[in-house]
Amino acid sequence: MTRYIIRRLLWGVLLLILVTALLFVLFYVLPAGDPAKLRAGRLQNPKIIAAIRADLGLNKPLLTQFWIYIRNLGLHFNFGYSYYSNASVKSLILDRLPATISLVAGGAVIWLASGLGVGIISALRPRSRLDRASMGGALVLVSAPEYWLGLILLYLFAADIGQVKIFPGANSYVPLTTDPVKWFTSLILPWLVVAASNAAIYARLIRGSLIESLGQDYIRTARAKGLTERRVVLRHGVRSAINPILTIVGLDIGVLLGSSVLVETVFDIPGIGKLNYDAITHSDFPIVQGTVLFAALFIIVANILVDIGYAYLDPRVRYS
Amino acid sequence: MSVGAAEIVPGGGLQLLDSDVEISARSPRQLFWRRFRRDRVAVASLIFIVLLIVVAIAAPLVVELLGLPGPNTQNPNLTDAFGSPLGPSSAHPFGVDPLGQDVASRVIYGTRVALIVGIVGTAIATVIGVFCGVIAGFYRGWADTLLSRLADVVLSIPLLMLGLGIGAACAVRGCLGGAVQPGIRTILFLIAFANWTYVYRIVRGLVLSLREREFVDAARALGASNTRIMFREILPNLVAPIIVYSTLLIPLNILFEAALSFLGVGIRPPTASWGQMIAAATPIFNTAWWYMAFPGIALLLTVLAFNLLGDGLQDALNPRTAR
Amino acid sequence: MRSLRTITLAALAGVLTVGVAACGSSNSSKSANAGISAPQGVLTPANESWTGGKRGGTLNVLNHEDFEHIDPGQSYFAIDYEAVYATQRPLYSYNPNKFAPVPDMAESAPQISSDAKTITIHIRHGVHFSPPVNREVTSADVAYALDRGANTNVANPYFEAYFKSLEGFSKAKGGPISGITTPDKYTIVLKLTEPKAQIVADALVLPVSAAVPQEYAKKFDEKKPSEYGNFQVATGPYMWKADSSGKILGIGYQPGKSATLVRNPNWNASTDFRPGYLDQINISIGGDPTVIGRQALEGSHTVQNDTPAQSIVKLAFEKFRSQLFIAPGAGNRYVALNNSHGPFTNVNLRKAVWAALDREAMDKARGGSLVTIPATHFIYPEIPGFEEAGGIAGPKFDYNEHPQGDPAVAEKYMKLAGFSSGKYTGGTTIQVVGSTGNPASTDAEIVNQTLKNLGFKTKFNLVDQSVMYSKFCGVVTEEIDVCPNVGWLADFADGQAALDVPFNGKNIITNGTNSNWGQVNHPKINKAMEAAENVVGASARAAAWGKIDKELVEEAVAAPWDWDKQPAVEAKDVAGAGDVWNEASWDYSFTSLK
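Cut-off values and rules
For every chain, the first residue of the written sequence is number 1, and numbering continues from 1 onward in sequence order. For this description, chains carry letters from A and ligands carry numbers from 1, given in the order in which they are written. With pLDDT at 70 or above as the cut-off, local features in this predicted model cover only qualifying residues; side-chain atom pairs require 80 or more to be listed or tallied, and sums for whole chains, interfaces and linings still use all residues. Numbering of helices and strands runs from the N terminus, with a helix taken as a DSSP run of H or I at least four residues long and a strand as a DSSP run of E at least two residues long. Values of the radius of gyration come from C-alpha atoms, whereas the globule rule sets the reference at 2.2 Å times the count of residues to the power 0.38. The exposure label follows from counting other C-beta atoms within 10 Å of a residue's C-beta, where the C-beta atoms are placed from the backbone and the thresholds are 20 or more for buried and 12 or fewer for exposed, leaving partly exposed in between. With C-beta atoms placed from the backbone, a contact is any residue pair whose C-beta atoms sit within 7 Å. For this classification, Asp, Glu, Lys and Arg are treated as charged, while Ala, Val, Leu, Ile, Met, Phe, Trp, Tyr, Cys and Pro are nonpolar and the rest, including Gly, are polar. Simply put, an axis is a line fit to the C-alpha atoms, just over the touching stretch for a helix, and the angle between two N-to-C directions goes from 0 to 180 degrees. Roughly parallel refers to an angle under 35 degrees, roughly antiparallel to one over 145, roughly perpendicular to one between 65 and 115, and oblique to any angle outside these ranges. Handedness of each helix crossing follows the sense of rotation of the near helix against the far helix: counterclockwise by less than a right angle gives left-handed, clockwise gives right-handed. By convention the nonpolar core is taken to be a set of buried residues drawn from Ala, Val, Leu, Ile, Met, Phe, Trp, Tyr and Cys and joined through C-beta atoms within 7 Å. Pairing between two strands is assigned when DSSP locates at least 2 bridges connecting them. Handedness is read with the strands pointing away from the viewer; a crossover is right-handed when the path from the first strand over the helix to the second is clockwise.

**Student:** Hey, could you run me through the overall build of chain C in this one?
**Tutor:** Across its full length, chain C carries 17 helices and 24 strands. For 594 residues, the compact-globule formula gives about 25 Å, and the C-alpha radius of gyration of chain C, at 23 Å, lands near that figure. Across its three principal directions, the C-alpha atoms of chain C cover 75 × 55 × 45 Å. Every one of the 594 residues in chain C was classed for burial, and the buried ones make up 65%.

**Student:** Please clarify how the overall build of chain A should be interpreted in this entry.
**Tutor:** Scanning chain A for helices and strands turns up 13 helices and zero strands. Residues classed as buried in chain A amount to 49% of the 320 residues present. Contacts in chain A between residues at least 24 apart in sequence constitute 66% of all its contacts with a sequence separation of at least 6.

**Student:** I'm lost on unusual backbone geometry in this one. Help?
**Tutor:** Following B:P269, the chain continues into B:P270 via a peptide bond in cis, with omega recorded as 5°. Cis geometry marks the peptide bond from C:K224 to C:P225, where omega comes out at -5°. Position of C:P225 relative to the elements: it lies in the loop between α7 (214–221) and β8 (238–240). With a phi close to 85°, C:E382 is a non-glycine residue in the positive phi region. Structurally, the position occupied by C:E382 is in the loop between β15 (372–373) and α12 (407–416). Even without being glycine, C:A556 reaches a positive phi, approximately 45°.

**Student:** Where do I start with the interface of chain A and chain C in this structure?
**Tutor:** In many analyses, interface size is given as the accessible surface area lost on bringing the parts together. Listed per partner, the contact involves 38 residues of chain A and 41 residues of chain C. Among the secondary structure elements, those contributing two or more residues to the side of chain A that touches chain C are α2 (35–40), α3 (46–55), α5 (89–124) and α12 (272–281) of chain A. A total of six residues in the side of chain A that touches chain C trace back to one element, the largest contributor, which is α3(A). Broken down by class, the residue content of the side of chain A that touches chain C amounts to 16 nonpolar, 13 polar and nine charged.

**Student:** Even after reading the chapter, I still don't get the packing of helix α4 (residues 40–57) of chain B against helix α6 (residues 103–139) of chain B, so can you show me in this structure?
**Tutor:** Between two packed helices, both the angle of their axes relative to each other and the distance between the axes serve to describe the pair. All names here are of chain B. The contact between α4 and α6 brings their axes to 8 Å, and the two run at 110°. It follows that α4 is roughly perpendicular to α6 by the angle criterion. Where α4 crosses over α6, the handedness of that crossing is left-handed. Across the interface between the two elements, L52, I53, V55 and A56 of α4 pack against I108, T111, R112 and L115 of α6. Classifying every residue of the contact of α4 with α6 by side-chain character gives six nonpolar, one polar and one charged.

**Student:** What's the story with the interface of chain A and chain B in this structure? I'm lost.
**Tutor:** Tallying the contact residues gives 46 residues for chain A and 41 residues for chain B. Going through the elements one at a time, α1 (2–29), α6 (129–143), α7 (146–157), α8 (180–214), α10 (229–258), α11 (261–267), α12 and α13 (285–313) of chain A are the ones with two or more residues in the side of chain A that touches chain B. It is α13(A) that provides the largest number of residues to the side of chain A that touches chain B, a total of seven residues.

**Student:** Can you walk me through helix α12 (residues 274–281) of chain B in this structure?
**Tutor:** Of all eight residues in α12(B), eight are buried; the element is thus mostly enclosed. Every buried residue of α12(B) is accounted for by B:W274, B:G275, B:Q276, B:M277, B:I278, B:A279, B:A280 and B:A281.

**Student:** I'm lost on the nonpolar core in this one. Help?
**Tutor:** Soluble, globular proteins show a tendency: their nonpolar side chains are buried together. Core analysis: the largest hydrophobic core is formed by 392 residues, its most contacted members being B:V203, C:V200, C:V335, C:A336, C:V353 and C:C473. Sequence-distant contacts of C:C473, defined by excluding residues within four places in its chain, comprise C:A336, C:V433, C:M468, C:I480, C:C483, C:V486 and C:W517.

**Student:** Just to check I follow, could you spell out the packing of α12(A) against helix α8 (residues 159–169) of chain B for this structure?
**Tutor:** Here α12(A) crosses α8(B) at 10°, and the two axes come no closer than 10 Å. Between α12(A) and α8(B), the angle falls in the class roughly parallel. From α12(A), A:N276, A:Y277 and A:I280 reach across to α8(B), where they touch B:M161, B:L164, B:G165 and B:A168.

**Student:** Explain the pairing of strand β13 (residues 324–327) of chain C to me, please; I cannot follow it from the model alone.
**Tutor:** Put simply, side chains in a regular strand alternate between the two faces of the sheet. All names here are of chain C. The two faces of β13 match: L324 and I326 on one face and F325 and A327 on the other face are all buried. With four bridges joining them, β13 and strand β20 (residues 566–570) adopt antiparallel strand pairing. Its bridge partner lying in β20, F325 is registered against A568.

**Student:** Can you walk me through the pairing of strand β16 (residues 429–435) of chain C in this structure?
**Tutor:** All names here are of chain C. For β16, the buried fraction is high: six of the seven residues fall into the buried class. The pairing of β16 with strand β17 (residues 457–463) spans seven bridges and is classified as parallel. Bridge pairing in β17 places T429 opposite K457. Crossover β16 to β17 through helix α13 (residues 440–453) is right-handed.

**Student:** Got a minute to help me understand the sheet that holds strand β6 (residues 180–184) of chain C in this structure?
**Tutor:** All names here are of chain C. Pairing is antiparallel in the open sheet, where four strands are placed in the order β4-β5-β7-β6. Both outer strands of the open sheet, β4 (111–112) and β6, are each paired with one neighbouring strand and no more. Relative to strand β7 (residues 187–191), β6 runs antiparallel, the two sharing three bridges. Residue pairing for β7: D184 is matched across the bridge by T187.

**Student:** Hey, could you run me through helix α10 (residues 214–221) of chain B in this one?
**Tutor:** A turn of α-helix holds 3.6 residues, and therefore any two residues three or four places apart point the same way. Little of α10(B) is tucked away: zero of the eight residues are buried. Looking one or two residues past α10(B), B:G223 carries a phi angle of roughly 90°, positive in sign.

**Student:** Teacher, can you tell me more about the environment of A:P98 here?
**Tutor:** Residue and element names in this part refer to chain A. Along the polypeptide, P98 turns up in helix α5. The spacing of P98 and P175 is 77 residues in sequence and 7.6 Å in space, taken between C-alpha atoms. Setting aside its immediate chain neighbours within four residues, P98 contacts P175 and L176.

See below:
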């Protein structure tokens, strides 16, 4: 097991370096703008632009720049500095991380709870009207673009621009440490949006998985023993059905932490996704690189955790 | 929505393997079709999609039949003194946008982008994924290692962030020596770049198990070449799962295009795209709800139809989950 | 979206006497006569008042855009200026409602020698730096600030343009400039190699003249690039919130997220003309313009400090009229047509585009007549030369006559250009690069459609505004044919400031960032501009530059379509002071809470 974990971790690190290299080449070969000129401003003579380029290290060969980046990252966990504000990218990311974590974690709680509830109810009465209605509703939610859903919710329920003024709207996020109540209320709408599409997916997954496990022999045995239906479903059926789902939750949270840019943009939540989006529009490459890497890190770590989890549950995996 | 691997794999791969284990006098394909026809929702979705394709191809005709102006007909008289667009009326059933362009007409033309991106993009990704998957699954060894690791790298990159970066970089002049031009070609490139990995993983798994089957041994005993075994013996067995799986990818890709266009790096005006219309509607959506609502509904219905169709196909292929 | 702010770098053969408020008032009366004053009930520079405000309280500022550079030596952008002019005291600065400067760190108007080669300025006594520096400001601090202008680590964008006549400028390389001397603690003397004292004196209103303490700043300025901005100390009524070491980043400024200005404890009101009513200013960055505009209008103690969205202006006018401020003279907007490359080297094709363009539709997309005036030439209202160039109606040419566009006239010029069908049949595909975001993209689309109607095949692209300028429209070698949505805002109320950089051939910068976007380079006009630079006297200059403006129209060097009237919105319990000299931004030093 230890060897397997070490192997997975090593591959994870290598993967991260490969992703860094790929991104570096991509943004070096395909810059969206000239950072030196952007920093220099609208009216600038070539001399100063050249000086800025040298200051930012942009005149060095690609390989040197890459080596410096990797070295700083590996030795000092230093992601570099913003071309504009000189702010350290690491501090920017750490500053934005709580917002993104708040968004994803809260969303995950809602989608798991509602997905589980709806999934179980549907699985118990497959093909019933209730099942069809909830599965149909789930599909509609999966099909709705989340930014659109967010805007519609704002239009309907936001306290500032809504038709029915209930929840705080966009640009109302406050950190948990500043004001827990405001934090909670400001995140209600974003959570609903994050949860909507995922809850729908999970309801469908749980339904399928549960129907499958309820058909297994040991469930029939449990029923034969005279256990209550409630007990059979919750203690035996759901428990075995939920295992594969939990691993997917890990992966999804990993992906979401790095790609909540749409919801963050719509609701103006100062998270990692918004940071990345703003940096791209300003060609602030160190921030772009840092945020994408961070997001990749989430995905890779989630994958490793899931793999190790699998290996723990199913010894055959370790030797493959 | 996030286009993570995790969301796609569970419904697909593992269960698809069971498809031709069915014991029956009828061929699996006949069974599949019989089951599919019984699923009224799926059939309705298929009809809806066919209709969409017709609308997309005949968009100019449809717009003319409905008596609407063209999608790029600007008319400043259709905005008020402050430049706010006017709402739905009999002449403009979905209202107009800030340029005085007819929203209904643009929604109809938007079908083209959605379907091209959804169908063509998915097709390109599928071809690449199937090819690599067959090679990796059949030869195993270093080809498999290399391709699988490459897929790992691609899957580790947050796709939407990458899309934002490439979309911004390839604006105006295009990039990669002009091969990736801004607009729809950038999106197709991104879809192909990311989506082949999903198809690849499924196909590779299927081929790994199929290559040990009797009919492959038989073909080999008869002296068939590797190429023949791969593409004439194994591949036909994969057609059904590949179709089902690609159908499930189409709605994801339509949403991906809309998301990129929403963020301003996808389809550029004057070409009509639903995502870009929603983006343009964002700053005025509290005064012009129609500009936001109708493209969004069109997007939702289209994605829903593909999801329902994919669902139906999957159930037909693997009836156990559909009980 | 804002960021039209680009300040002219041209040498001004000075007419603007620093410290004398002459131009601003005479011009606003002129514009009232021209019938372009704002409608009843709206706040304007003429009726806004900022005296006798209530002291204390926290103002919430909502900004969509982030600061570009907060270092006073580098700032060159309206959003940056809002903070810079509240925290720093340049030698000269402004009252909110006038274009004319007043002495700020300086005690009085600059003394200019008769040969126009020496400027002597006395600075105020008793002005102190904010913590952690705390000591009194001396002339050496002003000298160091000016030295920084030539320091590439600071990368000031305009210093060379205005101050290169300083003795020893070319040898300075970031160190002390020999032409700047401080005979005593409160006197600074600038020695020039050429008789350009008036221009240099005029330019002292720019933030590069705000004092910087060398002993504290030097270690930050040695960093490449300089980090002084993130550790700056203040002289004005406010300062960036900082920790005890003076660090701002992460405390008073979270890039892309928020900023906080607090009272400068060392500020002495008796040395300043600013009232400084507020205790604190909380700036939130990044909100959607529609949302934050509404939050400002309906909120409390809140203002929006970038351009409100078109739908917000409409809402404000209809329901919150007394909370809407509109300032004229906020720059021009035009379609840049490439005069040096491609089809638009042909004057008749340029005229055809001008004739065909529906300027009223373009302006309507920006919010209509409340915030725009369809342009008929380039010098915009409030700038001397506007009336001389033809006022609202503009120079009389058939392509200029119909603000809604005239296809017949367009056809005429197409034929004159040699296309007998009246449509362009030259075959070249033209590159059109506009900027994203409403309403800029809407206007770009109108231009694109106009070009298509004229028969052009276009490659149409929208990119972020900063990318549009820095990578495409401002780069000569990109050979972009049409930039539909560019604009110019002069820093001084002077015709030259409005016309020289964007239209003088000598300002085409090939390797740097070029702001002559249309690469306008007509020998006759270049020569006229050279002559007009040296004209002395307000009315003579207005006449000279007004005449050049007419010539630009005659050559149709670009197609102007808008003179901006900048709107700004505030909450009902804010007594805002809108800066007419800074694109109607709310001036933190003069704004109070009701």
